[in-house]
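Fold and contact review
Single-letter residue listing:
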Amino acid sequence: MNRDVDRELAIETRDLTKIYGSGNTEVVAMRNASMKVSVGEVVALLGPSGSGKSTFLTAVGLINPPTSGQVYIRGQLVLDGSTAHTNLRAFRRRHIGFVFQKSNLIPFLTAIENVQIAIELNGESSRAARRKAMELLDDLGVGDRAENRPSMLSGGQQQRVAVARALANNPSVILADEPTAALDSERGRQVMELFCQVAHEHGAGVIVVTHDHRALDVFDTTYEMEDGRMSPPTHTV
Ligand SMILES: Nc1ncnc2c1ncn2[C@@H]1O[C@H](COP(=O)(O)OP(=O)(O)OP(=O)(O)O)[C@@H](O)[C@H]1O
Ligand SMILES: [Mg+2]
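All of the points below concern the structure found in this document. (Residues numbered from 1 in each chain as written. Chains lettered and ligands numbered in written order. Predicted model: local features only at pLDDT ≥ 70, side-chain atom pairs only at ≥ 80, totals over all residues. Heavy atoms only, no water.)

**What to know about the site of ligand 1**
The local shell around ligand 1 holds 13 residues, among which Ser49, Gly50, Lys53, Ser54 and Thr55 are the closest. Between an oxygen atom of ligand 1 and a main-chain N or O atom of serine 51, the distance comes to 3.2 Å. Note that an oxygen atom of ligand 1 is positioned 2.7 Å from one of the side-chain N or O atoms of lysine 53. Relative to its unbound accessible area of 640 Å², ligand 1 is 60% covered by the protein chains. For the shell around ligand 1, the secondary-structure elements that each account for two or more residues are β2 (27-38) and α1 (53-60). Examining the composition of the shell around ligand 1, we find that three residues originate from one element, α1, more than from any other. Taken together, the residues that form the shell around ligand 1 break down as four nonpolar, eight polar and one charged. (Near = heavy atom within 4 Å. Polar contact = N/O pair within 3.5 Å; in protein donor to acceptor, adjacent residues only side chain to side chain. Areas by Shrake-Rupley, 256 points an atom, 1.4 Å probe, with all protein chains shown as cover. Helix = DSSP H or I, 4+ residues; strand = E, 2+ residues; numbered from the N terminus. Nonpolar A, V, L, I, M, F, W, Y, C, P; charged D, E, K, R; others polar.)

**Topic: the pairing of strand β7 (residues 96-99)**
A two-sided burial pattern is seen for β7, the buried positions comprising Ile96 and Phe98 on one face and Gly97 and Val99 on the other. Here four bridges tie β7 to strand β8 (residues 173-177), and the two strands are oriented parallel to one another. By the bridge assignment for β8, valine 99 is matched with alanine 176. (Buried < 20%, exposed > 50% of the residue type's maximum accessible area, 1.4 Å probe, protein only. Pairing = 2+ DSSP bridges.)

**Overview of the environment of glycine 123**
When you line up the elements, glycine 123 lands in the loop between α3 (111-120) and α4 (126-139). Taking the C-alpha atoms as reference points, glycine 123 and serine 68, separated by 55 residues in sequence, lie 33 Å from one another.

**Observations concerning the packing of α4 against helix α5 (residues 155-167)**
With their axes 9 Å apart at the nearest point, α4 and α5 run at an angle of 135° to one another. Taken together, the axes of α4 and α5 are oblique relative to one another. For the element pair α4 and α5, the recorded crossing hand is right-handed. Only Val161, Ala164 and Leu167 of α5 make contact with α4, whose side of the interface consists of Lys132, Leu136 and Leu137. Each residue belonging to the contact of α4 with α5 can be placed in one class, and the counts come to five nonpolar, no polar and one charged. (Axes fitted to C-alpha atoms, helices over the stretch in contact; angles between N-to-C directions. Parallel < 35°, antiparallel > 145°, perpendicular 65-115°, else oblique. Left-handed = near helix turned anticlockwise from the far one by under 90°. Contact = heavy atoms within 4.5 Å.)

**Comments concerning the layout of surface pockets**
Space inside the largest pocket adds up to approximately 540 Å³. As for the largest pocket, its lining consists of 19 residues, of which Arg92, Arg93, Ile96, Ala118 and Arg165 are closest to the centre. Only α2 (88-95), β7, α3 and α5 provide two or more residues apiece to the lining of the largest pocket. In terms of residue class, the lining of the largest pocket is built from eleven nonpolar, four polar and four charged. Taken together, Lys132, Glu135, Leu136, Asp139, Leu167, Asn170, Pro171, Leu194, Gln197, Val198, Glu201 and His202 make up the full set of residues lining the second largest pocket. Of all the secondary-structure elements, those providing two or more residues to the lining of the second largest pocket are α4 and α6 (185-202). In terms of residue count, the dominant contributor to the lining of the second largest pocket is α6 (five residues). Across the lining of the second largest pocket, the residue classes tally to five nonpolar, three polar and four charged. (1 Å grid on protein atoms, 1.4 Å probe; cavity = no way out; pocket = protein on both sides within 12 Å on 5 of 7 lines; lining within 4 Å. Points joined across faces, edges and corners; volume = space filled by probe spheres on them.)

Listed below in structure tokens is the structure:
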């Protein structure tokens with residue numbers, strides 16, 4: 001297909017469909033889900049449990065490819081169905097920050113090492129990576145827990161370390177699956193504001209899955225999934 005690329009879009013998905021299993025165990029988790037996220041735009045993704053939000057987010061995050069449909073990042077086609085059009089691992093590391101629904105920190109590394117390693121993998125020296133990691137942990141209010149392993153941290157503290165790691169390489173796409181579920185409302189708002197700051201300062205596109213209807217005013221746009229289908233966007237005024 002011939003189409004003009006749109007460099008002002010951080011993210012575009014076209015008709016993402018995901019089918020898990022086959023035969024009578026087949027589950028259509030996502031049906032023709034399309035979304036456009038501009039550079040600097042912060043999107044909330046709502047929807048009931050099982051509606052396909054994580055399936056959508058992990059497809060955009062190049063972690064769990066769709067059965068069909070396209071993912072464009074910064075105007076570049078990166079995934080067409082399960083066919084990769086680039087080195088997904090390298091692309092993900094450079095361009096995408098992902099905060100998972102369940103924090104997936106590396107258990108045998110300390111908080112600071114978990115953030116530092118993400119920066120070093122992108123080619124920074126270990127000294128510069130450590131300094132940047134410490135700054136991020138401080139920003140997120142967990143600087144004093146830098147030397148603790150994840151098992152020594154509360155759920156909310158682990159989640160903040162995971163957010164620090166996702167922001168570590170100034171990604172152009174930030175994807176977060178209920179990043180504030182384990183946080184009190186003030187911490188939750190701080191994390192959301194940090195996402196907005198990164199979106200606006202670095203021109204990132206951000207998608208946040210959230211159940212927290214109290215904090216929707218920080219988002220530019222809201223989408224809702226239901227039974228695998230994506231609603232049209234609602235823009236915050
Ligand atoms: N690996 C899998 N194998 C089979 N079915 C799956 C798999 N992962 C998800 N599903 C199914 O796909 C549908 C969408 O799941 P998904 O995890 O995307 O929902 P969700 O909106 O993120 O839900 P929640 O709010 O509970 O996290 C559900 O019916 C789920 O049971
Ligand atoms: Mg989910």
